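Residue strings, one per chain:
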Amino acid sequence: MKAKFIFSICFGLLWLAVSSFFAIGWAQDISYIFPSVYVWWVIIGMALLPGFLMSFMFFSNLLNRKLKSYPDTQEDTTVIICAHNEEKTIARSIQAIAAQQYKGHIRLLVVDNDSTDGTKDEIIKLQESSFENCSLEYVFCSKQGKAYALNTGLELICTPYFITVDADTYLEKHAIQKIMNHIVSSGSACVAGNLFVENSKASLAAKMQNYDYLLSIAAIKRFQGSYRSTLVAQGAFSAYRTEEVVRIGGWQDLLGEDIVLTYKLLHRGLSSTYEPQAVGYTTALASLNGLYNQRKRWAIGMLEGLSSVPPWKQGTAFSRHFAMVNLSVIYLDLAFLFGFIPGIILAIIGYYYLAGFLTLLTAAVCILLFLSMYLYQKKLKIPFQNSFAGFLCFILFFQVIQSTASVHGYTIRLLHKRGEWK
């Protein structure tokens, strides 16, 4: 594992050395137009650092391209679903868990977090059904907040491992077997599942998110998971070792409760990994406004994680490295908005001051990373939807939405404002 990390970082440094050679001439050419500090701030933020990180990730994922297999476990497990006004989606989520081809017994706890719609009726109705290896229990949590609902479920767990699934996430039929095989055999404290978009044809926003989950998010989790340091075991679908979650006190009432939980587990020197063959289909937000607000919350959650456990206090060298990379994302978002976007606008009108050869080189590395990730996901032989328009818009516009929403989220966090339940 250490050797692959060293080889990968050397490959990234080689890319950085070559691109820096070209960057010096580029900076000299435009320093008479813009202040040198701004020029280098932009070049580092929009070309050198992104190129280094992506080439590092690409080579690492190439070295770790082999899918790992684990023996089937029959360990009984508990699944927690937290639901707040989810009457439209909760039945399908429950049915997907009841239909799992799992060799052990599944105890499904559905925590109704003070819903005011027909969520409870949907759950009670399904309790009357007969499931082969799954028991369904209704639990009520009167205090609103996802962390409170999760902690209510945690108090009822008596199995060594448990899984969290969102009320709008539907598991592929082998998902629980795959993720349980991984966590039981690997000794990880938590394992993140692989999320695909279920409603990828619902809108342009959903089509773009399809490729964000399929390519960007999966590539990062695979990269971090190779070194047992996945920074986010997402609440939408992840498995946990019960005693370790209890030991750190469960979830905190924050927007990024799953991020903070993962950071705290890593802080104790425990492993957080990723299982690409355990697939769940999440319902993406169909509107651009919903997408914007979601990414704003995710940015706040990232800062909450970094605040709860600063990068230099992480438990292993790998988790410290990845947490520092997360910290650098703030700079990358600012450089994208105030360097890359102005550079593209200037290039459109014929002035290639801030967008040139290195920009194209960085974009090429990005496309290469996405292509390798796409082929990797295809190897899983689990269906997902494709859309040329969705991919094109993802490449051209998604980062604009992501960075703008993230900077908005960073500002909210700095002003110490609170967000909503979901």
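This text goes with the structure placed above it.
What counts as what
Residues numbered from 1 in each chain as written. Predicted model: local features only at pLDDT ≥ 70, side-chain atom pairs only at ≥ 80, totals over all residues. Heavy atoms only, no water. Salt bridge = Lys/Arg side-chain N within 4 Å of Asp/Glu carboxyl O. Helix = DSSP H or I, 4+ residues; strand = E, 2+ residues; numbered from the N terminus. Buried < 20%, exposed > 50% of the residue type's maximum accessible area, 1.4 Å probe, protein only. Pairing = 2+ DSSP bridges. Axes fitted to C-alpha atoms, helices over the stretch in contact; angles between N-to-C directions. Contact = heavy atoms within 4.5 Å.

Comments concerning the pattern of salt bridges
Piece 1. A full pass over the atoms with the stated rule returns eight salt bridges.
Piece 2. Note that Asp166 is salt-bridged to Lys146, the shortest N-O span being 2.8 Å. Taken as a pair, Asp166 in strand 4 (residues 161–166) and Lys146 in helix 5 (residues 146–154) lie far apart in primary sequence, 20 residues in all. Here the two residues Asp166 and Lys146 agree in accessibility, since each one is buried.
Piece 3. Across the pair Glu244 and Arg268 runs a salt bridge whose closest N-O atoms are separated by 2.6 Å. On the criterion of sequence distance, the pair formed by Glu244 in helix 8 (residues 242–247) and Arg268 in the loop between helix 9 (257–267) and strand 8 (272–282) is long-range, its members being 24 residues apart.
Piece 4. Through salt bridges with shared partners, one network takes in Glu244, Arg247 and Arg268.

Observations concerning the sheet that holds strand 7 (residues 237–241)
Piece 1. Reading across the sheet, the eight strands line up as 3-2-1-4-7-6-8-5 and stay open at both edges, with mixed pairing between neighbours. Across the chains shown, the open sheet's two edge strands, defined by having one partner strand only, are strand 3 (134–140) and strand 5 (169–171). Each strand axis lies, on average, 30° off the axis of its neighbour in the sheet, ignoring direction.
Piece 2. Bridge count between strand 2 (residues 106–112) and strand 3: seven bridges; the pairing is parallel. What sits directly across from Arg107, in strand 3, is Ser135.
Piece 3. Together, strand 1 (77–83), strand 2, strand 4, strand 5, strand 6 (190–197), strand 7 and strand 8 form the strand contacts of helix 6 (residues 175–186), whose direction differs from that of strand 8 by roughly 170°.
Piece 4. Its contacts with the sheet put helix 7 (residues 204–225) on strand 6 and strand 8, and the angle it makes with strand 6 is roughly 155°.

Remember that the coordinates give geometry; whether it matters functionally is a separate question.
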